[in-house]
Each structure stands twice: as C-alpha cells, then as structure tokens.
Amino acid sequence: MRDGIRPLNFEDQKQIENLAWECLQNKDNITVFPIAPTKKNSQLFYRLEIFPLLLSENPAFGFFSKGELQGLYCCTISSECEYETQYPLAIGGITVVRPSQRRLGIGTKLRNHLIDHLKKMKIERFIFEIKADNTASFSNAINVAKAIGEESNVKIISFRGEAANNVY
C-alpha cells in the first residue's frame, strides 16, 4: 500500500472504525454531538457518517503511514444532499486524526488535498464547521481556516460556532 493521501474505499472500514475508536477513547467529539466512547459507536460512526459518503461517491480521503490510517477528511457535495442549491458547494467536513499523530500537519494536508479535489470538480464554495473544543483555540482554528482558504484560493462563506451552554 502506498503511503500518503488516497481516496477512502469500503475496504478501509476496519481502519476507519479503529481510528474512530481511538479518538472516542481520547474523548474526542468526532460527530456534531458528543457520543459515548464505545466500540458500537465507532462502528456506527462508520455506518452512519462515512459509509453513506463512500456509497454516494462524495470526496473522502485518508492519510496513510506504514499502511495504517492516521487521519481522514471527507464532505458532502451539494448534488448529493436533499436541497437544491443555487451553485455547487461542499457541505460539512469530517476531520478525524489519530491522537498520537496530531500537530503534524495531517489535517491540513488532508483539507488542502480535498480543496484541490473540489476545485477540479468545479466546486469553489465550502461550508464547514470549527468546533469550540478544537485542540487549537477557537480563534486560532478560524485563522487556520482563513489561511487555508486564501492559500487554496477558495472563498470561505460560513463559519458555524459551537459553544457549551451551562444553563439548564
């Protein structure tokens, strides 16, 4: 197997589930809402989040080192969502990087690769989320996103903020 970035496929299921399991054990939020760190949830992450993207041939890429999946990045393109959009765009974006491999630029490499792929597909608009509990500070995460947009010559049209609400 070639190391580096390549498209994910159905044969990567076990590696994706193992990556999700490791991240869940690390108490990472790999979905838009917090899920419990269970093996079942790592399998559901693949079945509910990744499998549909692969089945619909949405962009999904993995970073491999020594044949092992170290991180993944994927999104939905507007032609695959229920709404009819005014122009082609990419929606969402799931980034998952193995805890021991963070701060090595894997997420940035995957995002840049995905943006290049989207540009080849004539998709120049990308709506994505930055979680408030991102390991980098929220404002730093926004600055990184802006830099990625400028570097890739992609217009960032939306940031969605998320914060904890301690009022019950």
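Further up the page is the structure itself.
A brief structural summary. (Residues numbered from 1 in each chain as written. Predicted model: local features only at pLDDT ≥ 70, side-chain atom pairs only at ≥ 80, totals over all residues. Heavy atoms only, no water.)

Under the defined criterion, the tally for this structure stands at two aromatic pairs. Between F10 and F51, the ring centres sit 5.3 Å apart and the planes meet at 45°, which makes this aromatic pair tilted. Here F10 is found in the loop between β1 (4-7) and α1 (13-25), whereas its partner F51 is found in helix α2 (residues 39-55), with 41 residues between them in sequence. Here the aromatic residues F10, Y46 and F51 are joined through ring pairs into a cluster of three or more. (Phe/Tyr/Trp six-rings, centres within 6.5 Å; stacked < 30°, edge-to-face > 60°. Helix = DSSP H or I, 4+ residues; strand = E, 2+ residues; numbered from the N terminus.)

For the rest of this paragraph, the subject is the side chain of D12. Inspection of the secondary structure assignment puts D12 in the loop between β1 and α1. Setting aside chain neighbours within four positions, we find D12 in contact with R6, P7 and F64. (Contact = heavy atoms within 4.5 Å.)

Our focus in this paragraph is the nonpolar core. The biggest cluster of nonpolar side chains holds 19 residues, and the ones touching the most others in it are L8, I16, F45, I50, L72, I94 and V96. Those elements that place two or more of their residues in this core are α1, α2, β2 (60-65), β3 (68-77) and β4 (90-97). I16 has contacts with L8, F45, Y46, I50, L69 and L72, leaving out every residue within four places of it along the chain. Grouped together as the second largest cluster of nonpolar side chains are 15 residues, F61, C75, I123 and F126 included. (Core = buried A, V, L, I, M, F, W, Y, C linked by side-chain atoms within 4.5 Å. Buried < 20%, exposed > 50% of the residue type's maximum accessible area, 1.4 Å probe, protein only.)

This part takes up the pairing of β2. Burial runs high along β2: five of the six residues are buried. In this sheet, β2 lies alongside β1 in antiparallel orientation, the contact comprising four bridges. Along β2, the bridge assignment pairs P7 with F61. As paired strands, β2 and β3 are joined by six bridges and run antiparallel to one another. (Pairing = 2+ DSSP bridges.)

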